[in-house]
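Okay, here's what each chain looks like letter by letter:
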Amino acid sequence: MQPKWLEWAQKLQAIAQSGLTYSEGVYDIERYKQLRAIATEIMANYSNVEHSYVLDLFSRELGYATPKVDVRGAIFRDDTILLVKERVDGCWTLPGGWADVGESPSEAVVKEIYEESGYQARAIKLLAVYDRNKQGHSPLPFYVYKLFFHCELIGGSPSSSIETEEVGFFPEGALPVLSLGRVTPAQITRLFQHYRQPGLPTDFD
């Protein structure tokens, strides 16, 4: 479970963001700005991130606050799974990232797989929809839903990108060091279970 300070900061930020979107009264706007400042202070103090960075991050979020969507593709070959090595932390993850406006979830994951691994793929089943806060990931300022798709290769070849520096297939028992902000060992284990038992229903929450 995520620490309570992260839950408090996320909820305060969401209230402040939505309040600043719909409030017209001068005093109400000032109160919501104060709430955002409290959320910023909590996030900065407990995560050891610069206060100005967090405030800028929160200030750029406009409109009614809703969860962000992260999509990840699980591609299997001969009882191994496709992983990519992130340049930012030198650790490995399933190819994926934020879904963009104008893309369906399956379109988003197919695009991310190609951009990060060089492989062309097709999404064939939604395996899991997870609340990121309940999955043991490292802290993140925003509330996130994670969508995991079983995908199959249809072409392409392995290649690095501006975000990834290596591409490889790994057996379940010999995984490299994972980028825990993006994927956890427990999630990889569960995805292999889905691969070996294709009749399992989609996981959620």
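Naming follows an unreviewed UniProt entry, where the chain appears as NUDIX hydrolase of Nostoc cf. edaphicum LEGE 07299. The chain has a UniProt comment under Sequence similarities (unreviewed entry) that states "Belongs to the Nudix hydrolase family."

### Concerning unusual backbone geometry
Residues other than glycine seldom take positive phi values, yet Asp 78 does so here, at roughly 50°. Mapped onto the elements, Asp 78 comes out in the loop between strand E1 (68–77) and strand E2 (80–86). Backbone geometry at Asp 205 places phi at a positive 70°, although glycine is not the residue there. Relative to the assigned elements, Asp 205 resides in the segment after strand E8 (203–204).

### Overview of the pattern of salt bridges
Taken as a whole and judged by the stated rule, the model has 17 salt bridges. Of the charged contacts in the structure, one is a salt bridge between Lys 68 and Glu 61, with a shortest N-O distance of 3.4 Å. Residue class for Lys 68 comes out partly exposed when judged on its relative accessible area of 24%. Of the charged contacts in the structure, one is a salt bridge between Asp 70 and Arg 72, with a shortest N-O distance of 3.2 Å. Across the pair, exposure class does not vary: Asp 70 and Arg 72 are buried alike. When salt bridges that share partners are traced, they join Lys 4, Glu 7 and Lys 11 into one network.

### Structural notes on the nonpolar core
One finds Ile 81, Leu 83, Leu 94, Phe 148, Ile 188 and Leu 191 to be the most contacted residues of the largest nonpolar core, which totals 16 residues. Residue assignment for this core shows that the elements contributing at least two residues are E1, E2, strand E5 (119–131) and helix H5 (185–196). Not counting residues up to four positions away in its chain, the partners in contact with Leu 94 are Arg 72, Gly 73, Ala 74, Ile 81, Leu 82, Leu 83, Val 84, Glu 116, Phe 148, Val 183, Ile 188 and Leu 191. Ranked by size, the runner-up nonpolar core spans twelve residues in total, among them Ile 75, Ile 113, Phe 149 and Cys 151.

### Examining the UniProt feature "domain: Nudix hydrolase" (unreviewed entry) in the chain
Listed under "domain: Nudix hydrolase" (unreviewed entry) in the UniProt record, and renumbered for this structure, are residues 66–205. Here residues 66–205 runs as 18% helix and 41% strand, with 16 Å between its end C-alpha atoms.

### As for the side chain of Thr 80
Along the polypeptide, Thr 80 turns up in strand E2. Given a relative accessible area of 15%, Thr 80 falls into the buried group. A polar contact is formed between the side chain of Thr 80 and the backbone oxygen of Arg 77, at a distance of 2.4 Å. If sequence neighbours within four positions are ignored, Thr 80 has contacts with Ile 75, Phe 169, Phe 170, Pro 171 and Phe 192.

### Focus: the layout of surface pockets
By volume, the largest pocket amounts to about 700 Å³. As for the largest pocket, its lining consists of 29 residues, of which Asp 70, Arg 72, Gly 97, Trp 98 and Leu 140 are closest to the centre. Mapped by element, the contributors of at least two residues to the lining of the largest pocket are E1, strand E4 (96–98), helix H4 (105–117) and strand E6 (144–156). At four residues, the largest contribution of residues to the lining of the largest pocket is made by E1. When the residues that make up the lining of the largest pocket are grouped by side-chain class, the tally is eleven nonpolar, five polar and 13 charged. In this structure, the second largest pocket is lined by 22 residues; those nearest its centre are Gln 10, Lys 11, Ala 14, Phe 142 and Tyr 143.

### Points about the pairing of E5
Here E5 pairs with E6 via eleven bridges, running antiparallel. When the bridges of E6 are listed, Ala 123 appears paired with Cys 151.

The rules we used
- Residues numbered from 1 in each chain as written.
- Predicted model: local features only at pLDDT ≥ 70, side-chain atom pairs only at ≥ 80, totals over all residues.
- Heavy atoms only, no water.
- UniProt positions renumbered as here; feature names shortened; annotations may be inferred.
- Helix = DSSP H or I, 4+ residues; strand = E, 2+ residues; numbered from the N terminus.
- Salt bridge = Lys/Arg side-chain N within 4 Å of Asp/Glu carboxyl O.
- Buried < 20%, exposed > 50% of the residue type's maximum accessible area, 1.4 Å probe, protein only.
- Core = buried A, V, L, I, M, F, W, Y, C linked by side-chain atoms within 4.5 Å.
- Contact = heavy atoms within 4.5 Å.
- Polar contact = N/O pair within 3.5 Å; in protein donor to acceptor, adjacent residues only side chain to side chain.
- 1 Å grid on protein atoms, 1.4 Å probe; cavity = no way out; pocket = protein on both sides within 12 Å on 5 of 7 lines; lining within 4 Å.
- Points joined across faces, edges and corners; volume = space filled by probe spheres on them.
- Nonpolar A, V, L, I, M, F, W, Y, C, P; charged D, E, K, R; others polar.
- Pairing = 2+ DSSP bridges.

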